[in-house]
Amino acid sequence: MDAPISVYAKYVPLRVSTTYIDEKGVSQNIDADVVTDATDAPVTWGTASETSWYVVTGKDVKLSQGSICAGHVNLILADGAKLTATGADDKPGIEVSGEGNSLTIYGYTNQSGQLIAIGGANAAGIGGGNAAAGSNITIYGGVITANGGENASAIGSGNGGDAASNIFVATSFVVKADGNNPPTTVIAATRTATTDIAADLAGQRYATIEKGTNAQEPKVDETGITVNGRKYGFPVRLVKEVK
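Here is what the cut-offs are and how they apply
Residues numbered from 1 in each chain as written. Predicted model: local features only at pLDDT ≥ 70, side-chain atom pairs only at ≥ 80, totals over all residues. Heavy atoms only, no water. Phe/Tyr/Trp six-rings, centres within 6.5 Å; stacked < 30°, edge-to-face > 60°. Helix = DSSP H or I, 4+ residues; strand = E, 2+ residues; numbered from the N terminus. Buried < 20%, exposed > 50% of the residue type's maximum accessible area, 1.4 Å probe, protein only. Salt bridge = Lys/Arg side-chain N within 4 Å of Asp/Glu carboxyl O. Pairing = 2+ DSSP bridges. Contact = heavy atoms within 4.5 Å. Polar contact = N/O pair within 3.5 Å; in protein donor to acceptor, adjacent residues only side chain to side chain.

Visitor: What is the right way to read the packing of aromatic side chains from this model?
Guide: Think of a pair of aromatic rings as described by two things: how far the centres are apart, and how the planes are tilted against each other in angle. Across all of its chains, the model carries 5 aromatic pairs by this definition. With centroids separated by 4.9 Å and ring planes inclined at 40 degrees, the aromatic side chains of Y20 and W53 adopt a geometry described as tilted. Taken together, the residues span a long stretch of sequence, with Y20 in strand β1 (residues 15–21) and W53 in strand β4 (residues 51–56) at a distance of 33 residues. Taking the centre distance of 5.7 Å and the plane angle of 20 degrees together, the rings of W53 and Y106 count as stacked. Of the two residues, W53 sits in strand β4 while Y106 sits in strand β10 (residues 102–107), which places them 53 residues apart along the sequence. Using a relative accessible area of 15% as the deciding quantity, one classes W53 as buried. Look at Y106 and you get buried, because its relative accessible area is 7%. One aromatic cluster is present, formed by Y20, W53, Y106 and Y140 through successive ring pairs.

Right under this line is the structure:
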């Protein structure tokens, strides 16, 4: 009898031509890999030192072990799409940490695509894991909800990590200020890059704050956010409060 033949298949993500709204509100075209469900392990987006594009088109896509950004990752949230990324203990929902790694998020025309990023214990929703800093995170579109794990930021660093840096939000943004966690679940970082697009986005830059079940009512003004008596600076000019 002939020896059995082993066949190995390599997963190749579906690649499509898609559009997105750039940082100046202009529609652009790009080829991007489609994000699909993953349950067994964190999904790595991108390759070190390279630029990669991904698009979420499904209405309920789940990454139950989260994702890791390698290199310069661009994520497009299609209108009507929804992505939930959940990290294990000590792991972020979406890891953006370490030199040379970044995440930029864009939306479609109606900016209705959703991203829900949930950090495990000690990890940020988007950013660093336990004892790791989050950095180089830019949000130009979509509806983003980020929940940090215990002692971690919603977007930024994990528990015990260095201060987060180069974080910029230019869209409607929801922070869960859950009273079960310290107030560091609110964003605690500012953009440090020398260039900024404030002039182009002066009328669009705002944050919406949603109160968790047991938290004190967040207070917002033009200089930052106060939750549970603690003040955090925020890189926005105009802020609005969810009633």
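Visitor: For this particular structure, what's the right way to read the pattern of salt bridges?
Guide: Pairing between side chains becomes possible if they bear opposite charge and their charged atoms approach one another. One pass over the structure, following the stated rule, counts 2 salt bridges. Residue D33 pairs with R15 through a salt bridge whose shortest N-O separation is 2.9 Å. With a gap of 18 residues between them, D33 in strand β2 (residues 27–34) and R15 in strand β1 connect regions that are remote in the sequence. Judged by relative accessible area, which is 13%, D33 ranks as buried. Between K62 and D60 there is a salt bridge; the shortest N-O distance is 2.7 Å. Using a relative accessible area of 40% as the deciding quantity, one classes K62 as partly exposed. Look at D60 and you get partly exposed, because its relative accessible area is 43%.

Visitor: Please clarify how the pairing of strand β8 (residues 82–86) should be interpreted in this entry.
Guide: In summary, the side chains of a regular strand alternate between the two faces of the sheet. Bridge count between strand β5 (residues 61–63) and β8: 3 bridges; the pairing is parallel. Bridging from a neighbouring strand, K62 pairs with T84 of β8. With 5 bridges connecting them, β8 and strand β11 (residues 114–118) associate as parallel partners. Following the sheet pairing, T86 is matched in β11 by I118.

Visitor: What exactly am I supposed to notice about the environment of I118 here?
Guide: Within the secondary structure layout, I118 lies in strand β11. I118 sits 34 residues away from T84 along the chain, and the two C-alpha atoms are 7.8 Å apart. Excluding residues that lie within four positions of it along the chain, I118 makes contacts with T84, A85, T86, G87, P92, G93, G125 and N147.

Visitor: What's the story with the sheet that holds strand β15 (residues 155–156) in this structure? I'm lost.
Guide: Two orientations exist for strands paired in a sheet by backbone hydrogen bonds: parallel and antiparallel. Strand order in this open sheet of 5 strands is β3-β6-β9-β12-β15, and the pairing throughout is parallel. Strand pairing shows two members of the sheet lacking a second neighbour, β3 (43–45) and β15, which therefore form its edges. By the bridge criterion, 2 bridges tie strand β6 (residues 67–69) to strand β9 (residues 94–95) in an arrangement that is parallel. From the neighbouring strand, S67 faces β9, where its bridge partner is I94.

Visitor: Explain the side chain of S97 to me, please; I cannot follow it from the model alone.
Guide: With respect to the secondary-structure elements, S97 resides in the loop between β9 and β10. Note on S97: relative accessible area 16%, which makes it buried. A distance of 2.6 Å separates a polar side-chain atom of S97 from the backbone oxygen of A133. In this structure S97 touches G127, G128, A132 and A133, once residues within four positions along its chain are discounted.

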